[in-house]
Amino acid sequence: LLLYSKLAPGPEEALAALREAVVSGRLSEARIAESLERLRRLRAGSAARPGNWSPELERQARDLIPGEELARICEGSIRLNKQGAGGIPLRTPIEVLEINRPEGREPLAQLLRVLGADAREHEPTPATWPPRVNGSAVMTVAARADLSEAETAIAQAWLRRFPETVTIALLNPHVCDEWADVRTLLVTFGNSPAARRALARRLLGRVTAV
């Protein structure tokens, strides 16, 4: 089974790495054949035949989990990986910057406002940012692998401007491991609507990260 974080060119990179491993001798063709045979036996012995993947199929799979259970799972997956400047629960007003948020996801600032917080979302344009924050600053970083150079530059500019930022890695928990300016880091391991709602509750002190 191949596991890779990027949808494109994830499969191509994974196959290229396998070929390189065979050429270098780190992986034998016999070992690959053994794995393939095991997978064939598993598939032959299973009555389940999933359909082709689609966003609709993914939505249907998520809907099989009761809402309360999904919320519990998302709340339990939040981890505080680094604690420095920048406290949780956040203090209002809350200044929010989101790096690489998918179009279909409700803004974190809106989720915080639904919970009663005074929160404002900012565009990735440093000239429009306030000179300082009177409450809390928070930044989300959504990436399956790495950010682009432009996105990284914006994120690091925000951190330099607001050093007490609470940074949240929504997908890849290691996306900002090398950023020296990250002082407080939360990771969620997901960016689904349920994961984002759980994050908003955590940031306001409604749940406790493990």
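Look above for the structure.
The notes below deal with the structure included here. (Residues numbered from 1 in each chain as written. Predicted model: local features only at pLDDT ≥ 70, side-chain atom pairs only at ≥ 80, totals over all residues. Heavy atoms only, no water.)

1. So, unusual backbone geometry
Between Ile88 and Pro89 the backbone carries a cis peptide bond, its omega angle lying at 10°. Tracing the backbone through its elements, the reader meets Pro89 in the loop between strand E1 (79-82) and strand E2 (94-99). The linkage connecting Thr92 with the following residue, Pro93, adopts the cis geometry, with an omega of 0°. Its place among the elements puts Pro93 in the loop between E1 and E2. Notably, Asn100 is not glycine yet its phi reads approximately 70°, a positive angle. Inspection of the secondary structure puts Asn100 in the loop between E2 and helix H5 (108-114). We classify Asn100 as partly exposed; its relative accessible area is 38%. For Phe189, which is not glycine, the phi dihedral falls at a positive 65°. (Helix = DSSP H or I, 4+ residues; strand = E, 2+ residues; numbered from the N terminus. Buried < 20%, exposed > 50% of the residue type's maximum accessible area, 1.4 Å probe, protein only.)

2. Here we look at the pattern of salt bridges
By the definition in use, this model includes seven salt bridges. Of the charged contacts in the structure, one is a salt bridge between Glu75 and Arg201, with a shortest N-O distance of 2.9 Å. Here the residue Glu75 occupies a position in helix H4 (residues 67-77), and Arg201 occupies one in helix H7 (residues 193-203), the gap between them amounting to 126 residues. Several salt bridges converge on common partners, so that one network encompasses Glu98, Arg101, Glu121 and Arg196. (Salt bridge = Lys/Arg side-chain N within 4 Å of Asp/Glu carboxyl O.)

3. A closer look at the pairing of strand E5 (residues 166-169)
Every second residue of E5 is oriented toward a common face, with Val166 and Ile168 on one face and Thr167 and Ala169 on the other, all of them buried. Two strands pair when backbone bridges link them, and strand E4 (residues 136-141) and E5 are joined in this way by four bridges, in the parallel orientation. In the sheet register, Val141 faces E5, and the bridge partner there is Ala169. Handedness of the crossover joining E4 and E5 through helix H6 (residues 149-161) is recorded here as right-handed. Bridge analysis of E5 against strand E6 (residues 184-187) gives four bridges, and the strand direction is parallel. Across the sheet, residue Ile168 finds its bridge partner in E6, namely Leu186. (Pairing = 2+ DSSP bridges. Right-handed = clockwise from strand over helix to strand, strands pointing away.)

4. Quick word on the packing of aromatic side chains
By convention here, two paired aromatic rings are described through the distance between centres and the angle between planes. Applying the stated criterion across every chain, the model contains two aromatic pairs. A centroid spacing of 5.0 Å and a plane angle of 85° characterise the contact between Trp129 and Trp158, whose relative ring orientation is edge-to-face. Of this pair, Trp129 sits in the loop between strand E3 (119-122) and E4 while Trp158 sits in helix H6, placing them 29 residues apart in sequence. This pair shows no difference in class: Trp129 is buried, exactly as Trp158 is. Plain terms: the ring middles of Trp158 and Phe162 are 4.6 Å apart, the flat faces sit at 70° to each other, and that makes the pair edge-to-face. With respect to burial, Trp158 and Phe162 carry one shared label: buried. What links up through ring pairs into an aromatic cluster is the set Trp129, Trp158 and Phe162. (Phe/Tyr/Trp six-rings, centres within 6.5 Å; stacked < 30°, edge-to-face > 60°.)

5. Details of the environment of His122
Mapped onto the secondary structure, His122 falls in strand E3. Taking the C-alpha atoms as reference points, His122 and Arg40, separated by 82 residues in sequence, lie 51 Å from one another. Once you skip the residues sitting within four places of it in the chain, His122 turns out to touch Glu95, Val96, Leu97, Thr128, Trp129, Pro130 and Trp158. For His122, the side chain forms a polar contact with the side chain of Glu95, separated by 2.5 Å. (Contact = heavy atoms within 4.5 Å. Polar contact = N/O pair within 3.5 Å; in protein donor to acceptor, adjacent residues only side chain to side chain.)

6. Let's talk about H6
Here H6 is 13 residues long and its end C-alpha atoms lie 18 Å apart, about the 18 Å a rise of 1.5 Å per residue gives. Three or more residues of H6 are buried, namely Thr152, Ile154, Ala155, Ala157, Trp158 and Leu159. For H6, the elements touching its buried residues are E2, E3, E4 and E5. (Expected span 1.5 Å × (residues − 1).)

7. Remarks on the nonpolar core
The nonpolar side chains of soluble globular proteins are, as a tendency, buried together. Counting residues in each nonpolar core, the largest one holds 26 residues, and the members touching the most others are Ile94, Leu108, Leu112, Val138, Ile168 and Leu203. Where this core is concerned, the elements lending two or more residues are H4, E2, H5, E5 and H7. By residue number, the principal contributor to this core is H7, which donates six residues. Setting aside anything within four residues of it in sequence, one finds Leu112 in contact with Ile94, Val96, Ala117, Ala119, Ala200, Leu203 and Leu204. Ala157, Phe162, Val175 and Cys176 belong to the second largest nonpolar core, which has 21 residues in total. (Core = buried A, V, L, I, M, F, W, Y, C linked by side-chain atoms within 4.5 Å.)

The analysis is restricted to geometry; functional conclusions fall outside its scope.
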